[in-house]
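Observations on the model geometry
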Amino acid sequence: MTMHDTVTFGAGGGEPYARALRTDGSIRLTDPERPDVTVTMDVGRWNAAADRVDRSLLDGADGPVIDIGCGPGRMLVAARTLGIPALGVDVSAEAVAIARRSGGTAVQGSVFDPIPSEGRWDTALVIDGNIGIGGDPVALLARCAAIVRDGGRVVVEAHPDPTADRAFTAHVVDTDGNRSGAFPWAEVGIEALLEHAEAAGLRPRQSWTAEGRTFCELVA
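Here's a quick rundown of the structure. Owing to the predicted nature of the structure, the values given are computational and were not obtained by experimental measurement.

What about the layout of surface pockets?
Taken as a whole, the largest pocket spans an internal volume of roughly 530 Å³. Looking at the lining of the largest pocket, the elements that each hand over two or more residues are β2 (38-42), α2 (43-47), β7 (148-158), β9 (183-188) and β11 (213-219). In terms of residue class, the lining of the largest pocket is made up of ten nonpolar, five polar and seven charged.

See the structure below:
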C-alpha cells in the first residue's frame, strides 16, 4: 500500500473534519499512545479570511503558489486578492468545495498523487500543521521539492515546540465525540524541520516567529 492509499486527515465526506468545516466547529487530534495529550484545531480560523500573518507568507512569491492541504481555501483567496495565481490541494471533498465556493481554485487529492504543473510552482505552502501529512516529514518535503521549480520556495509552519519530532497514528474527534479512522501524522518543530529538510534536498533560507507561529522558508 502506498502512502496516498492510506486513510488521511480529512478523507471521507462524513468524518469529523468535514462536519466541523460545515459548522465552524473545532476538532481534536488525538494519539492513542498519549491519551492525556490532545491538540485542538480551530476550524473556524481556517474558515475565516487570511490574517496578517497568513498574508505575509505570500510576500516572497515570484510566481504561482500551491497550498498543500489548503482546507477551505483562505490562502487561495488571499493570493487571488494579491493577483497571485494559486492552487489548493486537499483530500477533503468538503474543504475543496468550500474553497471553490469562496473563489479559489482547488483540486481534491493527495500531495503524493500527480499535481497539475508539477515542477513549475514558485512557492509551496505547508502550514496549519500540514507538515504532519503522511506521518513522514522527509517524504513530504521531498515531494514538495519535486513540485516547485528549481530555486522555488517551500514555506513550512513548524510545531510550536521547537524540539518536537514525532510520527504517530492519529484520530480526529469533534465536539460531539465523532471519531475518524486512524491515519499517520507527525509533529515537527523547527529543530527537526531543518534536519528533515536537509535529508529531503532542501536548504533553509530563513526562519521566524509571528504571533506565536513559527515558520521556515526552504529553497529547492
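The structure having been displayed, the exposition proceeds.
Here we look at the sheet that holds strand β1 (residues 26-30)
Taking strand neighbours across the sheet as the criterion, the four strands line up as β2-β1-β8-β9 in an open arrangement whose pairing is antiparallel. Each end of this open sheet is capped by a strand with a single partner; those strands are β2 and β9. The average angle at which neighbouring strand axes cross in this sheet is 40°, direction not considered. Strand direction decides the pairing type here: β1 and β2, joined by five bridges, are antiparallel. Its bridge partner being in β2, leucine 29 is matched across the sheet by valine 39. Sheet contacts for helix α1 (residues 16-23): β1 and β8 (165-174); angle to β8, the most-contacted strand, approximately 60°.

As for empty space enclosed by the protein
Considering all chains together, one arrives at two cavities of 30 Å³ or more under this definition. In terms of lining residues, the second largest cavity is bounded by Leu29, Thr30, Asp31, Arg34, Val37, Val39, Phe168 and Glu187. The residue inventory of the lining of the second largest cavity, partitioned by class, reads four nonpolar, one polar and three charged.

What about the nonpolar core?
Of all hydrophobic cores here, the largest spans 46 residues; its most connected members are Phe9, Leu29, Ile66, Leu141, Val154 and Leu193. Setting aside anything within four residues of it in sequence, one finds phenylalanine 9 in contact with Tyr17, Ile27, Leu29, Met41, Trp46, Val91, Val172, Phe183 and Trp185. Counting 15 residues, the second-largest nonpolar core is a separate cluster that includes Leu57, Val65, Ala78 and Ala210.

Topic: the state of the cysteines
Two cysteines joined by a covalent bond between their sulfur atoms form a disulfide. Going through the model one piece at a time under the given rule, you end up with zero disulfides. Free of any disulfide, cysteine 70 has its nearest cysteine sulfur in cysteine 144, 13 Å distant. The thiol of cysteine 216 is unpaired, and the distance to the nearest cysteine sulfur, on cysteine 144, comes to 13 Å. Residue cysteine 216 is classed as buried on the basis of its relative accessible area, which comes to 1%.

Observations concerning unusual backbone geometry
The phi dihedral of aspartate 24 falls on the positive side, at around 60°, and the residue is not glycine. In this structure, aspartate 24 sits in the loop between α1 and β1. Note on aspartate 24: relative accessible area 48%, which makes it partly exposed. Of note, the phi angle at aspartate 128 is positive, near 60°, even though the residue is not glycine. Here aspartate 128 shows up in the loop between β6 (121-126) and α6 (137-147).

Cut-offs and rules
- Residues numbered from 1 in each chain as written.
- Predicted model: local features only at pLDDT ≥ 70, side-chain atom pairs only at ≥ 80, totals over all residues.
- Heavy atoms only, no water.
- 1 Å grid on protein atoms, 1.4 Å probe; cavity = no way out; pocket = protein on both sides within 12 Å on 5 of 7 lines; lining within 4 Å.
- Points joined across faces, edges and corners; volume = space filled by probe spheres on them.
- Helix = DSSP H or I, 4+ residues; strand = E, 2+ residues; numbered from the N terminus.
- Nonpolar A, V, L, I, M, F, W, Y, C, P; charged D, E, K, R; others polar.
- Pairing = 2+ DSSP bridges.
- Axes fitted to C-alpha atoms, helices over the stretch in contact; angles between N-to-C directions.
- Contact = heavy atoms within 4.5 Å.
- Core = buried A, V, L, I, M, F, W, Y, C linked by side-chain atoms within 4.5 Å.
- Buried < 20%, exposed > 50% of the residue type's maximum accessible area, 1.4 Å probe, protein only.
- Disulfide = S-S within 2.5 Å.

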